[in-house]
Amino acid sequence: MKKIPIYFMPGLAASPEIFENLTLDKEKYSLHYLKWIAPLDLDEGIANYAYRLSAFIKEENPVLVGVSFGGILVQEMALFVKPRKVIIISSVKNQNELPQKFKFAKFTKIYKLFPTKVVENFEQYAQYFLGKPLKKKADLYKKYLSVRDKTYLKWSIYNVLKWKQLNPIKSIVHIHGNKDTVFPIKNIKNSIEIKGGTHVMILMKAKQITKIIDTVLTC
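Computed from a predicted structure; not experimentally measured.

Rules used in this analysis
- Residues numbered from 1 in each chain as written.
- Predicted model: local features only at pLDDT ≥ 70, side-chain atom pairs only at ≥ 80, totals over all residues.
- Heavy atoms only, no water.
- Buried < 20%, exposed > 50% of the residue type's maximum accessible area, 1.4 Å probe, protein only.
- Helix = DSSP H or I, 4+ residues; strand = E, 2+ residues; numbered from the N terminus.
- Pairing = 2+ DSSP bridges.
- Right-handed = clockwise from strand over helix to strand, strands pointing away.
- Expected span 1.5 Å × (residues − 1).
- Contact = heavy atoms within 4.5 Å.
- Phe/Tyr/Trp six-rings, centres within 6.5 Å; stacked < 30°, edge-to-face > 60°.
- Patch = residues over 30% accessible without salt bridge, like charges linked within 9 Å, V, L, I, M, F, W, Y side chains within 5 Å.
- Areas by Shrake-Rupley, 256 points an atom, 1.4 Å probe, with all protein chains shown as cover.
- Salt bridge = Lys/Arg side-chain N within 4 Å of Asp/Glu carboxyl O.
- Core = buried A, V, L, I, M, F, W, Y, C linked by side-chain atoms within 4.5 Å.

Focus: the pairing of strand 5 (residues 172-177)
Alright, step 1. With six of its six residues buried, strand 5 lies for the most part within the structure.
Alright, step 2. Examined bridge by bridge, strand 4 (residues 85-89) and strand 5 share four bridges and lie parallel to one another. Following the sheet pairing, Ile89 is matched in strand 5 by Ile175.
Alright, step 3. Pairing geometry for strand 5 and strand 6 (residues 192-194), over three bridges, is parallel. Residue pairing across strands places Ile175 opposite Ile192, the latter belonging to strand 6.

See below:
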């Protein structure tokens, strides 16, 4: 039996390592991991970016899986690769699911003040984190936030806030945690809810997410 190809897209500034806790059967699926590429410039549209990234998909009718901003991106990529299924995790299906604070940031343009230097030079700032909980989070960020380029960070933030999709695409499956504070579930419609799932549940709830993906793709 031919394996089902799955392409994974990580969240904003994240590396493919965020998917390392998923345990999908490699006898059933061929697993491929996409990485962020540099935008041409700050004005590159998300559709053109998605088109360029689609060149890395070599299989026909793949499954696209995206986390957070990666979930937005795979929806844009779906226009170019004809996927059999799109699965988004801790993400949004249209601009109406974005929280009010995002809309406020877009209107006031306060996002331009985002301190990209903190991400660019994370190790330098991490040394000032005190207490075990903060140090543990700092270690996670150092491991999984691999994209530090200033242009990319500004481009990404801008395109999350400016995303203009009005209606969810067909054949989309949305997995969302009820403790997500980035994209609160109160704004989310028609999702598979994971109890206790936060915005980074791809790390902490990987077993449940694996089971959901496998169920969706074998139905």
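Picking up after the structure, the text goes on.
With respect to the pairing of strand 4
Strand residues, when the strand is regular, have side chains that alternate between the two faces of the sheet.
Alright, step 1. Strand 4 sits mainly inside the fold: four of its five residues count as buried.
Alright, step 2. In this sheet, strand 4 lies alongside strand 3 (residues 63-67) in parallel orientation, the contact comprising five bridges. Residue pairing across strands places Val67 opposite Ile89, the latter belonging to strand 4.
Alright, step 3. Note that the unit made of strand 3, helix 2 (residues 69-81) and strand 4 has a crossover that is right-handed.

Some points on helix 2
Alright, step 1. In a regular helix each residue adds 1.5 Å, so 13 residues correspond to 18 Å; helix 2 covers 18 Å between its end C-alpha atoms and thus fits that length.
Alright, step 2. Taken across its 13 residues, helix 2 has 11 buried, putting it largely inside the fold.
Alright, step 3. Those residues of helix 2 that fall on the buried side of the exposure criterion are Phe69, Gly70, Gly71, Ile72, Leu73, Val74, Gln75, Glu76, Met77, Ala78 and Val81.
Alright, step 4. Summarising the contacts, the buried residues of helix 2 are in contact with strand 1 (4-9), helix 1 (46-54), strand 3, strand 4, helix 7 (150-161) and strand 5.
Alright, step 5. Just past helix 2, the residue Lys82 takes up positive phi, approximately 50°.

A word on the packing of aromatic side chains
Alright, step 1. Scanning the entire structure with this criterion turns up nine aromatic pairs.
Alright, step 2. Taking 4.9 Å as the distance between ring centres and 45° as the angle between the ring planes, the aromatic pair formed by Phe8 and Phe19 counts as tilted. Taken together, the residues Phe8 in strand 1 and Phe19 in the loop between strand 1 and strand 2 (29-33) connect sequence positions 11 residues apart. Neither residue differs from the other here; Phe8 and Phe19 are each classed as buried.
Alright, step 3. Through successive ring pairs, a cluster of aromatic residues spans Trp36, Tyr49, Phe69, Tyr152 and Trp155.

Details of a nonpolar patch on the surface
Alright, step 1. A contiguous nonpolar surface patch, about 350 Å² in accessible area, is contributed by Tyr51, Leu79 and Phe80.
Alright, step 2. Of note, Tyr51 is situated in helix 1.
Alright, step 3. By relative accessible area, which is 52% here, Tyr51 ends up exposed.

A word on the nonpolar core
Alright, step 1. Counting residues in each nonpolar core, the largest one holds 36 residues, and the members touching the most others are Tyr49, Leu64, Leu73, Met77 and Val86.
Alright, step 2. Of all the elements in the fold, those that place two or more residues in this core are strand 1, helix 1, helix 2, strand 4 and helix 7.
Alright, step 3. If one sorts the elements of this core by residue count, helix 2 sits on top with seven residues.
Alright, step 4. Setting aside residues no more than four positions away along its own chain, Met77 makes contact with Leu34, Ala50, Leu53, Ser54, Ile57 and Leu64.
Alright, step 5. Core analysis: the second largest hydrophobic core is formed by 26 residues, Ile6, Phe8, Met201 and Ile213 among them.

Concerning the pattern of salt bridges
Pairs can form between side chains of opposite charge once their charged atoms are near each other.
Alright, step 1. Per the stated rule, a full pass over the model turns up four salt bridges.
Alright, step 2. With a shortest N-O distance of 2.8 Å, Glu97 and Lys93 are connected by a salt bridge.
Alright, step 3. When its relative accessible area of 4% is taken as the criterion, Lys93 is described as buried.
Alright, step 4. Among the salt bridges present, the one from Lys195 reaches Glu193, with a minimum N-O distance of 3.2 Å.

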